[in-house]
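Given next are the chains, with one letter for each unit.
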Amino acid sequence: MNLIIMTILKRLALGVVTLFFVSLIIFSAIQFLPGDFGEAVLGQAATEETVAAFRRELGLDEPAWRRYLDWVGAAATGDFGTSFSGRASSGVDRSRPVVEMISSPLKNTLFLAGMTAIVAVPLALFLGITAALWRNSIYDRVINAATLTSISFPEFFVAYVLMLFSTLWWGLSANATGINDADASILDKAYMLILPSMTLTLVIVAHMMRMTRAAIINLLASPYIEMARLKGQSSLRVILRHALPNAWAPIATVIAFNLAYLVVGVVVVEVIFAIPGAGKVMVDSVASRDIPVVQACALIFASVYILLNLAADIIGIVTNPRLLHPK
Amino acid sequence: MSNDSNQNAGETGEILLEMRDVRIEGWSDEKWNPIIKGVDLTLRRGEILGLIGESGAGKSTLGLAGMGFTQPGCRITGGSIVFDGVDLVTATETEKRALWGSRVTYVAQSAAASFNPAHRLIDQTVEATVSHGIQSESLAKDDARILYASLSLPDPETIGERYPHQVSGGQLQRVMTAMAMSSRPDLIVFDEPTTALDVTTQVEVLLSMRKIVEEFNTAAIYITHDLAVVAQMADTIKVLRYGQEVEEAPAREMLESPKEDYTKSLWSVRALHKETQPSDDIVLSIDGVDAAYGRGLKVLHNVNIQVPRGRTVSIVGESGSGKSTTARVITGLLPPMSGQVTFNGEALPPELKGRSKDQLRRIQMIYQMADTAMNPRQTVGEIIGRPLEFYHGLSGKAKEQRVLELLEMIELDESFYDRLPSEMSGGQKQRICIARALAAEPEVIICDEVTSALDQIVQEGILKLLMKLQEKHGITYLFITHDIATVEAISDEIVVMYMGEVVEQGSKDQILTAPFPEYTELLLSSVPEMDPDWLTKLAEKRGQEA
C-alpha cells in the first residue's frame, strides 16, 4: 500500500512541476505578443503620458522576471490580479478582479462538462464493451461507422443539425441565455444545456468507445482469456471479468483526455449556443489583450489537463495488481 | 499411475473420449492448411494418454480438439469427437461451455500467462466450479485449500489469497493443476505443463500432478515434446508428426522397442556423446568476478572459470543462476564490480568501449532466439557479410565468395544467400547465426542456450555441426544451457552454477560421476530419464532421505 501512496505522491509532485513549467511558457508566450499593452488597452488616442502612467500603474515597466514572480506568487494563493478591461483613457476605472470575472463562466463550463461526462462516459463504455463482445458483427460495424461519422463532422455542423432537428420537429426550445439567472434550478440549467451537451457527447463518444473496444480486443488473444473460455465462462463474463479489469489503464487515459477537452476545448459550442462559459471568456480576453484574464484561463485549463491526466495515471496504477499487491 | 494398474484401465475401462478421423485446418498465408490429417484417439476413464511430437506436429491442436475447442483461426473439417456420448463437433457453443470447466478442464503451458493478473489465485481456482453450480463458493474454496495442500504448495491456507505475480512459476503450475481438479473433472488436458520450468522444479510439479490425477482416477491427455517426461506420466503414448499418427503403444513398450525410426529420433540428442579431451592451454580465464545489474542485488559472487583452448566448457544451472550474466561480463556488455577476465594471457578491458576491434573479433556470441538476433529485413548475404566487412574489410566479390564459403561450412547451399530470416526454419536460422559468428574468425564462441528453442532432431544437427567446426577450426565454445542431455553430448568440461556462484568445475567425467556435491546431485537427479519408473524411484529415494 505504501508503494502506491509513494507513487501517487510522486505523480502529484510531478504534476506541480509540470504546472510550473506551463506557467513559465504561458508567461513568456504572452511577452512575445507584438504591440504595447498600454496602447492596445487605452486606444490610439491616448497620450504618451497616460500610456506611461498606465504601464507604471500595472507594473508593466518592471523587469519580466519580477512580474513573473509577482504573478505566480499571487496565483498560488488564488489571486489572479485585476482585469485590464473596464479602464478607459478618461481615467474612470471599472475594472474587476479576474477571479470574479471568470468564476461564473467557469462554473457554467464545468456544469456542461459534468453533465456531458455523466452521459458520454457510460455510453462510450457500454458501446465499446458491446462492440467488443459482438466484434465484427453488424452491430459492431454500425456502431463504429456511426461514431466515426459523428467525430468526422466539425462540431458546429453537428450543433446546427441538432438545433435544426430539435427546434423544428421536436419543439425543443432550449437556449442557454438564462443560465446565469439566480432562480434557475439545476434541472432548469440542465434543460437549457441539453443541445450543447448532446453535441459534445457526439463529438467525444467515438474516441472513448473505440479505445474501450480496442483495449478489450487487444487482450482477447491472451492465454488467460483462452483459459477463461476453457473454463466454460460466457463471452460476456469473459469480457467483463477477465478482459476489462486489465484494460482500464488505456481506457482511463482516453477518458481523461476527452474530459479535459470538455473543459478547455468547447469554445465553438459555447459560441454557437451562446453559453457564457470559460472558453468564450478566454477568446474575448485574447481579443481585448486582457492579459491577466488570458493568463488565468490558460493556467486553469492547464491545471485541468494535468489533474485529469493525473487521475488517469492513478487509475492505471491502482488497477495494476503488481503495484497494488507487491511481492 | 503405477504402470501396472493403468494398463488394466487402458484395456478394460469404459471409453470416455473417442476421436475418429479428426481433421483440422488452420488459416494462414491466405488459405486453409491442414493441421490434423485424420487422427484417431481413444481414451478410457482413468487412463493417461501421452501425446508427443515436435513443434508443429499438431499435438496441442489435437489435445484442445479433445475438449471440442479450436483456437481462433482453426476449424474442424471432419471426423467425430465423442465425449461420453456427446459429439463435440456438432455440439453447440452452450453445450460445450457446460462441459468446459466442469467435466473437462485444461492445464496450459505458461502458467504465468494463463492466470488473469487481476484476480486472486483462489478466486480463479474455484471460478469454474462455482459458475457451473457444482459447489458453493465457500465449499469450493475449502476444497481448493485441501487441493493446494495435497499438491505440496507452501502455505496452502493462504497462498490462494495471493495474486499470480506473487508466486513462482512452479507454484503457479501447481495452482493451475488445482484449478483443473477443482470441479473433479472426468478429463484433464495437460498442454506442455512443465516445459517452461527448471528441471528441479519440474520434478516436484510432475510428482504432484501425478499424485493428484491418481488420487481421483482422472483421465488425462498429456501433451509434451519430452519423451522422458511423458514416460513418467502416461499409460499409453501416441507419437504425432505433421498432423498424423506415427505410432501408438503402451509407454513401457514404446520406450523399450519403438517401431518407427522417427520415434527413436525423438531422443536423438541423448544418443550423442563426446569423448573428453583434457587440455592445459587456458584461452579464457574469469577470476573473482562479482557483478550486479544497476544498483540492484549482486547476481554473481566471486565467479572463477577456466576455459581451455579448443574445448567445450558448459555452464549449467537453473534460470537465475547467473549463467547468462557471466556471458555478459565476458563479452563486456556488463562490466564487473570486481575481478577480471583474462584472454590469451591479457586482461580484457571491462567495458565494451575499451576493447579493440581485434579483441571484439576474437569472442563472438550466438543467442537462444535466432529470430530476434537477426534483422528481419536483411538477407542472409547481408547478415553474414556485415562482420566480414567490419572485421576483415571485405567487400564486393571477395565478400560474396566468403559468405558462400561460410554457407557451405554450415551445410546450407547457395540458394540461401538471398533469403530473409522469415523464409527459413528455426534450425536454419540458428545455422545462419553460427555462420555470422564464424565470419569474424573468432577463437571463442559463447553459445547462450542456442538449442533450447529447437526440436530434438534439429538440436542434434546443430550440435553435430558445432562439434565438427570445433574439430576443424579449433574453436573454443562456452556453452550455456540448462539441458543436461546437451551438456552430456558436447562438453569437455562442466561448470555448475547456483545462485550466482560456481558450485563445481571439472572435466565432464568427473562432474557426471558420483560422488556429487549436494546441488549437482539435485540437478542431475532431476533430469528425466528414459525409464518409466524413474520418477517413482526418485520419489522413493528422496522420500527416504527426507
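What counts, and at which threshold
The residue numbers shown here count from 1 along each chain, following its written sequence. In the order they appear in the text, chains get letters beginning with A and ligands get numbers beginning with 1. Restriction of local features to residues with pLDDT of at least 70 applies here, the model being predicted, together with a cutoff of 80 or more for giving and counting side-chain atom pairs; totals for whole chains, interfaces and linings are based on all residues. Based on all heavy atoms of the structure, the side-chain values leave hydrogens and waters out of the count. UniProt positions are given in the numbering used here, feature names are shortened, and annotations may be inferred rather than shown by experiment. The helix and strand labels rest on DSSP assignments: H or I over at least four residues marks a helix, E over at least two residues marks a strand, and numbering proceeds from the N terminus. When a residue's accessible area, from a 1.4 Å probe over protein chains only, is under 20% of the maximum for its type it is buried; when over 50% it is exposed; and in between it is partly exposed. In this analysis, two residues are considered to be in contact whenever any of their non-hydrogen atoms come within 4.5 Å of each other. Each cavity reported here is a set of points on a 1 Å grid over the protein atoms alone in which a 1.4 Å probe fits but cannot get out, each pocket an open set with protein on both sides within 12 Å along at least five of seven lines, and each lining residue one with an atom within 4 Å of a point. Grid points are joined across faces, edges and corners, and a volume is the space filled by probe spheres set on the points. Ten residue types, Ala, Val, Leu, Ile, Met, Phe, Trp, Tyr, Cys and Pro, are classed as nonpolar, four, Asp, Glu, Lys and Arg, as charged, and the remainder, Gly among them, as polar. Buried area, as used here, totals the accessible surface that two parts lose on assembly, with accessibility defined by a 1.4 Å probe and the loss added over both. By definition, a salt bridge exists where a carboxyl oxygen of Asp or Glu is found within 4 Å of a side-chain nitrogen of Lys or Arg. Here a polar contact is recorded for every N or O atom pair within 3.5 Å, except that within protein the pair must consist of a potential hydrogen donor and a potential acceptor, and residues adjacent in sequence are included only if both atoms are side-chain atoms. Strands were regarded as paired on the criterion that DSSP finds at least two bridges between them. By this rule, a helix spans an expected 1.5 Å times one less than how many residues it contains. Domain boundaries shown here were taken from an automatic or database domain assignment.

For chain B, an unreviewed UniProt entry supplies the name ABC transporter ATP-binding protein and the organism Halocynthiibacter styelae. For chain B, the Subcellular location (unreviewed entry) comment in UniProt is given as "Cell inner membrane".

Under an unreviewed UniProt entry, the name given to chain A is ABC transporter permease, and the organism recorded is Halocynthiibacter styelae. Turning to chain A, the UniProt record has this under Subcellular location (unreviewed entry): "Cell membrane".

Asker: Lay out the environment of Met179 of chain B with the relevant residues and their values.
Answerer: By the secondary structure assignment, Met179 of chain B is in helix α7 (residues 169-181). Accessibility expressed as a relative area gives 8% for Met179 of chain B, which makes it buried. Excluding its chain neighbours within four sequence positions, the residues that come into contact with Met179 of chain B are Met227 and Lys231 of chain A together with Phe115, Gln124 and Thr125 of chain B.

Asker: Residue-level account of empty space enclosed by the protein, with values.
Answerer: Taken as a whole, this structure holds 7 cavities of 30 Å³ or more when the rule is applied. If you add up the space inside the largest cavity, you get close to 70 Å³. As for the largest cavity, its lining consists of Met227, Leu230 and Lys231 of chain A together with Gly101, Thr105, Tyr106, Ala128, Met179 and Ala180 of chain B. Considered class by class, the residues forming the lining of the largest cavity number 6 nonpolar, 2 polar and 1 charged.

Asker: Tell me about the interface of chain A and chain B, and name the residues and values.
Answerer: Across the contact, 21 residues belong to chain A and 29 residues belong to chain B. Here chain A meets chain B over a buried area of about 2300 Å², counting both sides, of which 57% is carbon and sulfur. If you sort the residues of chain A by the area they bury against chain B, Met227, Leu230 and Lys231 of chain A come out on top, with a joint share of 29%. Counting the contacts that link chain A with chain B gives 3 salt bridges. Glu127 of chain B is paired through a salt bridge with Arg237 of chain A; the nearest N and O atoms lie 3.0 Å apart. Inspection of the chain A/chain B interface yields 17 residue pairs in polar contact (both at pLDDT 80 or more). Mapped by element, the contributors of at least two residues to the side of chain A that touches chain B are α10 (223-230), α11 (235-243) and α16 (321-324) of chain A. The biggest single contributor to the side of chain A that touches chain B is α10 of chain A, with 6 residues. Among the residues forming the side of chain A that touches chain B, the class breakdown is 7 nonpolar, 7 polar and 7 charged.

Asker: Outline the pairing of strand β14 (residues 338-343) of chain B, supporting the account with residue identities and numerical values.
Answerer: Residues and elements named next belong to chain B. Pairing of strand β11 (residues 282-292) with β14 involves 5 bridges; the strand directions are antiparallel. What sits directly across from Asp290, in β14, is Ser338. Where β14 folds back onto strand β15 (residues 346-347) in an antiparallel hairpin, the turn is made up of 2 residues, including Asn344, whose phi is positive at roughly 55 degrees.

Asker: For the sheet that holds strand β5 (residues 86-87) of chain B, give the residues involved together with the corresponding values.
Answerer: Paired through backbone hydrogen bonds, the strands of a sheet run either parallel or antiparallel to each other. Residue and element names in this part refer to chain B. Pairing within the open sheet is antiparallel, and its 4 strands lie in the order β2-β1-β4-β5. The open sheet has two free edges, formed respectively by β2 (31-44) and β5, since each of these has just one partner strand. Sheet analysis places strand β1 (residues 15-28) next to strand β4 (residues 74-83), joined by 8 bridges and oriented antiparallel. If you follow Met19 over to β4, its bridge partner there is Ile81.

Asker: With reference to specific residues and values, describe the UniProt feature "transmembrane region" (unreviewed entry) in chain A.
Answerer: The residues that UniProt annotates with the feature "transmembrane region" (unreviewed entry) are residues 12-33, 110-134, 146-170, 190-209, 247-273 and 293-318 of chain A. Between the end C-alpha atoms of residues 146-170 of chain A the distance is 22 Å, and the span holds 92% helix and 0% strand.

Asker: Any chance you could break down α7 of chain B for me, citing the residues and the numbers?
Answerer: Each α-helix winds once per 3.6 residues, and so residues spaced three or four apart point in a common direction. Residues and elements named next belong to chain B. The end-to-end C-alpha distance of α7 is 18 Å, a good match for the 18 Å that 13 residues give at a rise of 1.5 Å each. The buried count for α7 comes to 12 of 13 residues, which makes it a mostly enclosed element. Within the span of α7, buried status applies to Gly170, Gln171, Leu172, Gln173, Arg174, Val175, Met176, Thr177, Ala178, Met179, Ala180 and Met181.

Asker: Let's hear about the side chain of Gln124 of chain B: which residues, and what values?
Answerer: By the secondary structure assignment, Gln124 of chain B is in helix α5 (residues 121-131). Ignoring sequence-local partners within four residues, the contact set of Gln124 of chain B consists of Lys231 of chain A together with Phe115, Asn116, His119, Pro164 and Met179 of chain B.

Asker: Could you give me a rundown of the domain arrangement of chain A, with the residues and numbers involved?
Answerer: All names here are of chain A. Segmenting chain A into domains produces domain 1 (2-91) and domain 2 (99-324). Between the C-alpha centres of domain 1 and domain 2 the distance comes to 31 Å. Taken residue by residue, the interface counts 26 residues in domain 1 and 23 residues in domain 2. Ranking the residues of domain 1 by area buried against domain 2 places Ile4, Arg11 and Phe80 at the top, with a combined share of 26%. Across the salt bridge formed by Arg11 and Asp313, the nearest N and O atoms sit 3.0 Å from each other. Taken together, the connections running from domain 1 to domain 2 amount to 2 residue pairs in polar contact (both at pLDDT 80 or more). Of all elements in the fold, only α1 (2-31), α2 (37-42) and α4 (64-76) reach the threshold of two or more residues within the side of domain 1 that touches domain 2. For the side of domain 1 that touches domain 2, the element with the highest residue contribution is α1, accounting for 14 residues. The class makeup of the residues in the side of domain 1 that touches domain 2 is 17 nonpolar, 8 polar and 1 charged.

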